[in-house]
Amino acid sequence: MKLLADENMPYVQELFGDWAEIVTCAGRNMTPEQLRDVDVLLVRSITQVNEDLLAEASRLRFVGTATIGCDHIDTDLLARRGIGFASAPGCNKVAVGDYVLAALLKVGEHKNWQLKDKTLAVVGVGNTGSEVAQRARALGMTVLLCDPFKGEHDPTAFVELAHALTADIVSFHVPLTHEGPHPTWHLLDQSIIDGLNGAQVLINACRGDVWDNAALLQRQQGTDPLTLVMDVWEHEPALLAPLVPHTLLATPHIAGYSLEGKARGTFALYRALCELNGRQVSLTPEQLLPLPPIGAVHLHSELEQALIARLVQLVYNIEHDDAAFRLALGQPGFFDRLRKYYPQRRELGSLQLINAASTAHGLGFKI
Ligand SMILES: NC(=O)C1=CN([C@@H]2O[C@H](COP(=O)(O)OP(=O)(O)OC[C@H]3O[C@@H](n4cnc5c(N)ncnc54)[C@H](O)[C@@H]3O)[C@@H](O)[C@H]2O)C=CC1
Ligand SMILES: O=C(O)C(=O)[C@H](O)COP(=O)(O)O
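Residues numbered from 1 in each chain as written. Chains lettered and ligands numbered in written order. Predicted model: local features only at pLDDT ≥ 70, side-chain atom pairs only at ≥ 80, totals over all residues.

### Some words on the site of ligand 1
Neighbouring ligand 1 are 33 residues; Gly69, Gly124, Gly126, Asn127 and Gly256 lie closest to it. Listing elements by their share of the shell around ligand 1, those giving two or more residues are helix H3 (93-111), helix H4 (127-138) and helix H5 (148-151). Here the residues of the shell around ligand 1 sort into 15 nonpolar, 13 polar and 5 charged. (Near = placed C-beta within 6 Å. Helix = DSSP H or I, 4+ residues; strand = E, 2+ residues; numbered from the N terminus. Nonpolar A, V, L, I, M, F, W, Y, C, P; charged D, E, K, R; others polar.)

### Some details on the domain arrangement of the chain
As far as domains go, the chain holds domain 1 (2-87), domain 2 (93-250) and domain 3 (296-363). The centre of domain 1, based on its C-alpha atoms, is set 31 Å off from the matching centre of domain 2. (Domains from an automatic or database assignment.)

### Describing the site of ligand 2
Around ligand 2, the neighbouring residues are Asn8, Arg44, Ser45, Ile46, Thr67, Ile68, Gly69, Asn92, His253 and Gly256. Grouping the amino acids of the shell around ligand 2 by side-chain chemistry returns 2 nonpolar, 7 polar and 1 charged.

### Side note on unusual backbone geometry
In this model, glutamate 236 is joined to proline 237 through a cis peptide bond whose omega is 0°. Of note, proline 237 is situated in the loop between strand S10 (227-230) and strand S11 (249-250). The phi torsion at tyrosine 11 lies on the positive side, around 70°, for a residue other than glycine. Classification of tyrosine 11 as buried rests on a count of 21 C-beta atoms within 10 Å. (Buried ≥ 20, exposed ≤ 12 C-beta atoms within 10 Å, placed from the backbone.)

### Regarding the UniProt feature "active site" (unreviewed entry) in the chain
Mapped onto this numbering, the UniProt entry gives "active site" (unreviewed entry) at Arg207, Glu236 and His253. Despite a sequence span of 47 residues, these residues sit close together in the fold, their greatest C-alpha distance being 9.7 Å. Take glutamate 236: it is sitting in the loop between S10 and S11. The class for glutamate 236 is partly exposed, based on 17 C-beta atoms found within 10 Å. Once residues lying within four places of it in the same chain are set aside, the contact partners of histidine 253 are Asp231, Val232, Glu236 and Arg339. (UniProt positions renumbered as here; feature names shortened; annotations may be inferred. Contact = placed C-beta atoms within 7 Å.)

Here it is, written out as structure tokens:
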């Protein structure tokens, strides 16, 4: 079995090394010729799996993406050609929750806000959105949930988008869709952007195209700019650079980049391929991971916002990612380089807080 994998997918050797011939290459540069004699293709979000890429892939029988989002995969094409497919739903949802928690704490510091007095709206309440909602509640925030698909079954638990957009902070966690009853492409469009007030904060850790970046830039260049946290950008990696100075936090699509999340991503594909080949699943994602640098911390005081911020920074410092992004901005290939050489980041759950209240668990720590 010949397997072609994105070079930035960890643990491929460990999981497939003893039953596949493995070839790796840069995900953005995969070519139809490379797929000629390949049986299994493993990609991340930057490879467009479409007619063009698969033009010569006559042996291909399985495609896996080690990501949550699948907007880069032509799944109808795979079905038509009888090629098996798997993605990794939820694999990095905890990392996205950690990222947004770190961002919220930075927003709190920047605006001198007590977050417990503020309202957060989560737009898209699936795997990642639910992680965010859980952390915001643990901070004591009021949380509004907006998800028209889920709202159909449980209207009292969800609000309309217009209501969500009145929150102090609005965090987006939708898939990128162009069709259906609630498409998300440019969900945040010019008219919505114009209707927001300058005290509000917006967070995008889902897909860049969900926000109209040009319209946002226009707003930011006016007299009443918004506070923006942007992990994802329209037209990555060729993002709208003039927007960056108008953001509080800017990062290169790394919200989901915990080591645990990446391990779970590759592992989900390993499990799917084992099933397809009738092989025994002989490992767990946890067995792939090294010990975290800091295992436990004893607490001797209440978990209030400033202490939570210090504890989060022990595990994940979002400001380092932001600083690296601003420093590299404009250099050729900077976006992909930051992603390729992203430092090992652990999830908050890798740190045990001893003597902590149960809210610590809601924040994502181990107790
Ligand atoms: N920045 C990053 O590193 C990462 C980004 N993502 C992105 O985040 C997206 C969401 O991930 P998950 O939460 O795991 O997906 P999910 O499929 O578990 O949840 C998405 C939710 O959005 C809802 N939704 C769909 N259209 C909507 C609309 N118009 N308005 C409000 N809600 C809507 C769906 O009903 C669903 O509940 C992924 O599709 C992916 O594109 C995911 C992981 C990491
Ligand atoms: O899982 C997703 O969906 C994501 O957005 C990924 O975390 C992005 O990582 P890459 O696939 O672009 O490495």
